[in-house]
Number of protein chains: 2
Amino acid sequence: MSACLDATHDPALRSWVASANDPASDFPIQNLPFGRLRRAGSEQPWRIGVAIGDQALDLALALAAGGWSEDEQAVLRPLARGDLNALMAAGPLPRRLLRGALSRALAEGSPQAGALAGALLPQAEAEFTLPCHIGDYTDFYTGIHHATTVGKLFRPDNPLLPNYKWVPIGYHGRCSSIGVSGHAFRRPLGQVKTPEAEAPVLAPSRRLDYELELGVFVGAPNAQGEPVPLADAEDHLFGVVLLNDWSARDVQAWEYQPLGPFLSKNFATTISPWIVTMDALAPFRVPFARPEGEPAPLPYLDGESNRARGALDLHFEVLIETPRMREAGEAPARLSRSNFRDAWWTMAQMLAHHTVGGCNLQPGDLLGSGTQSGPAPGEGGSLLELSLGGKQPLTLPNGETRSFLLDGDTVLLRGRCEAAGARAIGFGDCAGSVLPAREVAA
Amino acid sequence: MSACLDATHDPALRSWVASANDPASDFPIQNLPFGRLRRAGSEQPWRIGVAIGDQALDLALALAAGGWSEDEQAVLRPLARGDLNALMAAGPLPRRLLRGALSRALAEGSPQAGALAGALLPQAEAEFTLPCHIGDYTDFYTGIHHATTVGKLFRPDNPLLPNYKWVPIGYHGRCSSIGVSGHAFRRPLGQVKTPEAEAPVLAPSRRLDYELELGVFVGAPNAQGEPVPLADAEDHLFGVVLLNDWSARDVQAWEYQPLGPFLSKNFATTISPWIVTMDALAPFRVPFARPEGEPAPLPYLDGESNRARGALDLHFEVLIETPRMREAGEAPARLSRSNFRDAWWTMAQMLAHHTVGGCNLQPGDLLGSGTQSGPAPGEGGSLLELSLGGKQPLTLPNGETRSFLLDGDTVLLRGRCEAAGARAIGFGDCAGSVLPAREVAA
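Note that the structure is a prediction, hence the values are computed from the model and not measured. (Residues numbered from 1 in each chain as written. Chains lettered and ligands numbered in written order. Predicted model: local features only at pLDDT ≥ 70, side-chain atom pairs only at ≥ 80, totals over all residues. Heavy atoms only, no water.)

## With respect to the overall build of chain A
A count of helical and extended segments in chain A gives 13 helices and 27 strands. Taken against the 2.2 N^0.38 rule, which gives 22 Å for 442 residues, the C-alpha radius of gyration of chain A at 22 Å falls within 12% of a compact globule. C-alpha atoms of chain A, sized along the principal axes, occupy 70 × 55 × 40 Å. Here chain A holds 442 residues, and the buried ones make up 64% of them. Looking at chain A alone, contacts between residues at least 24 apart form 75% of all its contacts between residues at least 6 apart. (Helix = DSSP H or I, 4+ residues; strand = E, 2+ residues; numbered from the N terminus. Rg over C-alpha atoms; globule rule 2.2 N^0.38 Å. Buried < 20%, exposed > 50% of the residue type's maximum accessible area, 1.4 Å probe, protein only. Contact = heavy atoms within 4.5 Å.)

## Section: the relation of the copies chain B and chain A
For these two chains of identical sequence, chain B goes onto chain A by a turn of 180° and a shift of 0.0 Å along the axis, with RMSD 0.0 Å. One copy is carried onto the other by what is essentially a two-fold rotation axis. Judged by C-alpha distance, Gly260 of chain B is the residue of chain B that lies nearest the rotation axis, at 2.1 Å. The share of interface residues of chain B whose copies in chain A are also at the interface is 100%, consistent with both copies meeting through the same surface. (Least-squares fit on C-alpha atoms with pLDDT ≥ 70 in both.)

## A closer look at the environment of Ser19 of chain B
All names here are of chain B. Its location among the elements puts Ser19 in the segment before β1 (34-39). Under the relative-accessibility criterion, Ser19 is labelled partly exposed at 22%. Leaving out residues up to four positions away in the same chain, Ser19 has contacts with Ser25, Ile52, Gly53 and Asp54.

## Regarding the UniProt feature "domain: Fumarylacetoacetase N-terminal" (unreviewed entry) in chain A
This chain's UniProt record puts "domain: Fumarylacetoacetase N-terminal" (unreviewed entry) on residues 30-131 of chain A. Helix makes up 41% of residues 30-131 of chain A and strand 23%, with an end-to-end C-alpha separation of 20 Å. (UniProt positions renumbered as here; feature names shortened; annotations may be inferred.)

## What to know about empty space enclosed by the protein
For the coordinates displayed, the defined rule picks out 10 cavities of 30 Å³ or more. Estimates place the volume of the largest cavity at around 70 Å³. Grouping the constituent residues of the lining of the largest cavity by class yields two nonpolar, six polar and three charged. (1 Å grid on protein atoms, 1.4 Å probe; cavity = no way out; pocket = protein on both sides within 12 Å on 5 of 7 lines; lining within 4 Å. Points joined across faces, edges and corners; volume = space filled by probe spheres on them. Nonpolar A, V, L, I, M, F, W, Y, C, P; charged D, E, K, R; others polar.)

## Comments concerning the interface of chain B and chain A
For an interface, size is often stated in terms of accessible area lost upon the parts coming together. The interface of chain B with chain A comprises 60 residues on the first partner and 60 residues on the second. Carbon and sulfur atoms supply 60% of the area that chain B and chain A bury against each other, a total of about 5,400 Å² over both sides. Ranking the residues of chain B by area buried against chain A places His172, Leu259 and Phe262 of chain B at the top, with a combined share of 15%. There are six salt bridges connecting chain B and chain A. A salt bridge links Glu226 of chain A to Arg438 of chain B; the shortest N-O distance between them is 2.9 Å. Scanning the region where chain B abuts chain A turns up 28 residue pairs in polar contact (both at pLDDT 80 or more). Listing elements by their share of the side of chain B that touches chain A, those giving two or more residues are β6 (137-140), β7 (170-172), β10 (189-192), β11 (201-204), α8 (249-255) and α12 (347-356) of chain B. In terms of residue class, the side of chain B that touches chain A is made up of 32 nonpolar, 20 polar and eight charged. (Buried area = accessible area lost by both parts, 1.4 Å probe. Salt bridge = Lys/Arg side-chain N within 4 Å of Asp/Glu carboxyl O. Polar contact = N/O pair within 3.5 Å; in protein donor to acceptor, adjacent residues only side chain to side chain.)

## Concerning the packing of helix α2 (residues 70-80) of chain B against helix α4 (residues 92-106) of chain B
Residue and element names in this part refer to chain B. Put simply, α2 and α4 touch, their axes get as near as 10 Å, and they point 100° apart. Comparing the axis directions of α2 and α4 gives the class roughly perpendicular. Touching Asp71, Glu72, Val75, Leu76 and Leu79 of α2 are Pro94, Leu97, Leu98, Ala101 and Arg104, all from α4. Of the residues belonging to the contact of α2 with α4, the class tally is seven nonpolar, no polar and three charged. (Axes fitted to C-alpha atoms, helices over the stretch in contact; angles between N-to-C directions. Parallel < 35°, antiparallel > 145°, perpendicular 65-115°, else oblique.)

## Quick look at the domain arrangement of chain A
Residues and elements named next belong to chain A. By the assigned domains, chain A splits into domain 1 (7-128) and domain 2 (137-435). Distance from the C-alpha centre of domain 1 to the C-alpha centre of domain 2: 28 Å. Counting residues at the interface gives 33 residues for domain 1 and 30 residues for domain 2. Taking both partners together, domain 1 and domain 2 bury about 2,400 Å²; carbon and sulfur atoms supply 61% of that area. Per-residue buried area on domain 1 facing domain 2 is highest for Met88, Arg95 and Phe128; these three make up 27% of the total on that side. (Domains from an automatic or database assignment.)

## What about the layout of surface pockets?
All names here are of chain B. Approximately 990 Å³ is the volume attributed to the largest pocket. Along the walls of the largest pocket sit 43 residues, with Phe154, Arg249, Gln252, Ala253 and Tyr256 positioned nearest its centre. Where the lining of the largest pocket is concerned, the elements lending two or more residues are β6, α6 (144-154), β11 and α8. Top contributing element to the lining of the largest pocket by residue count: α6, with six residues. The residue inventory of the lining of the largest pocket, partitioned by class, reads 22 nonpolar, nine polar and 12 charged.

Structure follows, in structure tokens:
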């Protein structure tokens, strides 16, 4: 387990980067997430940066600024070349060594402060790209309240399929269309068929939706044919992001039998720019327990460390900014709140299950958690849930209504971890916007 | 369309590599497929090679041997570094330029023969790896006879789902566990549940199967949000391989609802080592037509060039070699034959559909065709079909029986294209072997 706390988690720790000490900042010195960025509009090579307050520490410039031990330099060198996968591959120890070094270097009173001040880039002046190479992307379905609500829309008497409580259901997703917060994508075309129509037509999706998910990045790999036991699974996790699994519900309904979602999901996926490491999450790990009467996980998905600290107390929030809000200068409107504590499976269980048949995971592989909805009706992690399948449109604070997303809408996911005795940390925005569809060729 | 024939297809063309002129060879000078290989057991960097008879022309040594035009050198340079994706990305023209140059260089009487003789490596002395970087792998379901037979096992009255004849059904697969012919993998563990059991158990799959498929490699990419029209789709295809989509049927049955197959497929996929280019396939392209009374494809999946030459006349064969055959020195036994002409969708339709919602395909992406079964009962492309769901075991020529694969079994896929007035070409073996499962941890 990576849940042990050390000096880097001390809530009293402050940074010489003043903005990091703002209690509202997502990126205090206790967080130190990794991203890949450069000065906006420049042709610079992409750099690995670490968020600190409203700044990003450019690790290429930081390495050049000196003051690091030989071991720290060895860990920093691939990062200075823009390669985060090497650090992911190396497992927890080098990551923690670097975390300790960065924490000391960015702390108030650090002798490196003067040299490192020149390695900061304001995040507002940066553009971001994917933080690492993603070799494979898997999407799970751990949100039992989502699965239940969506299942009810199709099967009122039997919302959860018989395998749900036993199998961490998942399927493979599309890597090439994963983008980073701030991107915009065209409303997809797809085959849709109304129940009364004899044949489907190709048309722009009219039921375009978001899905609020946690994205988990794999660190240390496992060889093909070599499952990772649950007790070791945390050591194969690197960190987490927010993830929006955009979904075209009308395309999905027509295409998904019998092999699962395809074009309804693969046109775009958005992740937040900063990977919050497993180390930063340590203070927010909580017990994993199933409600009374629910089946215990099979032995390969059950274990002491997972029960003790396998879950994660992470508050989610989804907001929408419509074109009218943007024009009027209004703040985005909140659509829902939920918490990753409610997931039916933990991150470690996802990884252990993924490998149990021998599938090899590689550094930088991305595991989506599935839509994270809370138990209450207003806590759905998608519009499909919040609008009851489109039958009950939501009314936004400015009077607009939405059943599904309209062109120009921006969806923002936010996440924040809070715990007694710990400095709260956040994720930054995971934002994506809907552009109009292309015209259907004759 | 890449269906135009040129001098490289002349059936009278012979090579100075004598084994290429053997009529039984899969690799005459009219084929010229690409693979990635090195001398077996060496630590050499992986090289791109071109198969010619029982030899492989090492393109790094071939470039160094000289005799190429400046344009040809420019095309050869990334290949000499072991990078096939660059040639894939460049689209059909550089590939055809190189094909012409290789055809002339390897033809009888070529002035380059002497210099290139030293660039040959006997295939029997080579080891192979994946021919390119595969960024995403998608598996389609174009085998209508497979879909019908498998559907009948579950839904005797309604074997094909309503979307089948309209949607090129597909789903995303796993890249990391794709291996090249000759590899072996452990029988997967997975959750299985018998109908009478109250709970599933983790156990080695007892219904391990193969699936005979064609694998299609993407060449030129498309940008996200920019669908490829069907008329242009052939220009985005690079070439094809044989593909074995190993499947654990018992795991699949329990896990696949509602999001599709996951661990039942992702433990291993095997492809043949040589990518046969779209150019080499040109003489074997045939009309694509639907039986009378079947619905026409929607307009975005229909077009003149696809109707005229969209299909591919490719004979498949599946063989099994059991441990007893191996020990007795017996030849592998044929399990089935089928033809890619029977696919419900063409390669171009798969690509056009994949991009119609805006999904971006990248050079080296792999599209599986889905299991290719023929219309007759003995033509099933999987044991699930041939043994009627395991209820009717096959008897092999040596008296052994199989319902599903046993440990030590090797499955070989073979493919061959033949046409009047053309030199036949083949694919080489696509072989994979089953190792015993790991023990289930307590």
